[in-house]
Amino acid sequence: SQTIHQWPATLVQPVGSPLSLECTVEGTSNPNLYWYRQAAGRGLQLLFYSVGIGQISSEVPQNLSASRPQDRQFILSSKKLLLSDSGFYLCAWSSGQPQHFGDGTRLSIL
Amino acid sequence: GESVGLHLPTLSVQEGDNSIINCAYSNSASDYFIWYKQESGKGPQFIIDIRSNMDKRQGQRVTVLLNKTVKHLSLQIAATQPGDSAVYFCAEKAGADGLTFGKGTHLIIQP
C-alpha cells in the first residue's frame, strides 16, 4: 500500500533563517506531488505541484520554492523565512484522484 | 471568482444522530467532488468522492449527494460517533485543474 511521510512534524524557526521540509511517498511510481499551506481555520492553498522529476509548477508568488530531486521525493524550501510563512504545510500525492495527504508540518516563525 | 464554500462553519450533533454537512460550489464546469476529514494536528483524510455523472454515492456510514442544478454537495454521516469529530472539507475539480477546497465545517459530537 502507498504511504506518505512528512518531516519534521513541528518546526520553530527564526525570521530570516532557511527552511527545508521533506516529503516522501512509498508504494507508487511517478505520482503527482503537491505542497499546500493551511492557515488556522482556513482551507488549503495549493503552493506547488509536480508531475515528474524536476517539473515544478508554482501556483502563487511567494517566498518559497519546491524541488523534486527524485521520483518520490518533494522538498519545500526557503532561503530566508518571513513571519508570514508560519502555517501548517501539507504534502500530498495522487495518481489520478483522489489526493492523499501526509500529516503535515507545523511551522512557527519567531 | 469561482469558489467552493460551506454553509456552516460549526455543526453540533448528538451522538447517534445523523449528521449532514453542506457545501456550495460555483464552478459549473466542476466534474469531480471530494470530501475530506481532518482531525486536529493531522492531514486531511479522504472520505468519499463523486463524479458529476452521479447524484449519490454511498460508503461505510457516509453518503455524498450531488445536486448539479443548484450546485450543492452534501455529506451525510449515519449514527454519528465521537470519532467523527473533526473538520470536514469539500473540494471540487474542473477538468485538468487542481482541487479547490472550501474552508471547512467543524463537526462537534455531543454525548
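Look up a bit, the structure's there.
Described in the following lines is the structure provided in the data block. (Residues numbered from 1 in each chain as written. Chains lettered and ligands numbered in written order. Predicted model: local features only at pLDDT ≥ 70, side-chain atom pairs only at ≥ 80, totals over all residues. Heavy atoms only, no water.)

1. What to know about the interface of chain B and chain A
How large an interface is tends to be reported as the accessible area lost when its parts come together. What counts here: Should any heavy atoms of two residues lie within 4.5 Å, those residues are considered in contact. Buried area: the accessible surface (1.4 Å probe) lost by two parts on joining, summed over both. Each salt bridge in this description consists of a side-chain nitrogen of Lys or Arg and a carboxyl oxygen of Asp or Glu lying within 4 Å of one another. Under this definition, polar contacts are N or O atom pairs within 3.5 Å; protein pairs additionally need one hydrogen-donor-capable and one acceptor-capable atom, and for neighbouring residues in sequence, both atoms have to be side-chain atoms. Secondary structure elements are defined from DSSP: runs of H or I of at least 4 residues count as helices, runs of E of at least 2 residues count as strands, and each element is numbered from the N terminus. Three categories are distinguished: nonpolar for Ala, Val, Leu, Ile, Met, Phe, Trp, Tyr, Cys and Pro, charged for Asp, Glu, Lys and Arg, and polar for the others, with Gly belonging to the last.
Of the residues lining the interface, 17 residues belong to chain B; the matching set on chain A comes to 14 residues. Taken together, the two surfaces of chain B and chain A that pack against each other cover about 1200 Å², and 60% of this comes from carbon and sulfur. The largest contributions to the chain B side of the interface with chain A come from B:Pro44, B:Phe101 and B:Lys103, which together make up 33% of the buried area. Applying the counting criterion to the chain B and chain A interface returns zero salt bridges. Put simply, chain B and chain A have three residue pairs in polar contact (both at pLDDT 80 or more) between them. Those elements that provide at least two residues to the side of chain B that touches chain A are strand S4 (32–38), strand S5 (45–51) and strand S9 (86–93) of chain B. When residues of the side of chain B that touches chain A are assigned to their parent elements, the largest contribution, four residues, is made by S4(B). Split into classes, the residues belonging to the side of chain B that touches chain A amount to eight nonpolar, four polar and five charged.

2. Notes on the pattern of salt bridges
Residues and elements named next belong to chain A. Rule in force here: Burial status follows relative accessibility: with a 1.4 Å probe on protein chains alone, a residue under 20% of its type maximum counts as buried, one over 50% as exposed, and anything between as partly exposed.
Here the structure, examined in full by the defined rule, presents five salt bridges over all chains. One salt bridge connects Arg68 with Asp71, and the closest N-O pair in it is separated by 3.3 Å. Judged by relative accessible area, which is 3%, Arg68 ranks as buried.

3. With respect to the pairing of S9(B)
Residue and element names in this part refer to chain B. For the record, the criterion: Strand pairing is defined by DSSP finding a minimum of two bridges between the two strands.
For S9, a buried count of seven out of eight residues is recorded, marking the element as mostly surrounded by other parts of the structure. Here seven bridges tie S4 to S9, and the two strands are oriented antiparallel to one another. Within S9, the position partnered with Tyr32 by the bridge is Lys93. Bridge count between S9 and strand S11 (residues 105–110): three bridges; the pairing is antiparallel. Across the sheet, Val87 pairs through a bridge with His106, a residue of S11. Note: S9 against strand S10 (residues 100–101), two bridges, orientation antiparallel. Residue Glu92 lies in a different strand from S10, and its bridge partner there is Thr100. Between S9 and S10, which pair antiparallel and follow one another directly, the connecting turn spans six residues, one of which, Gly95, has a positive phi of 60 degrees.

The values are spatial; any link to function lies outside them.
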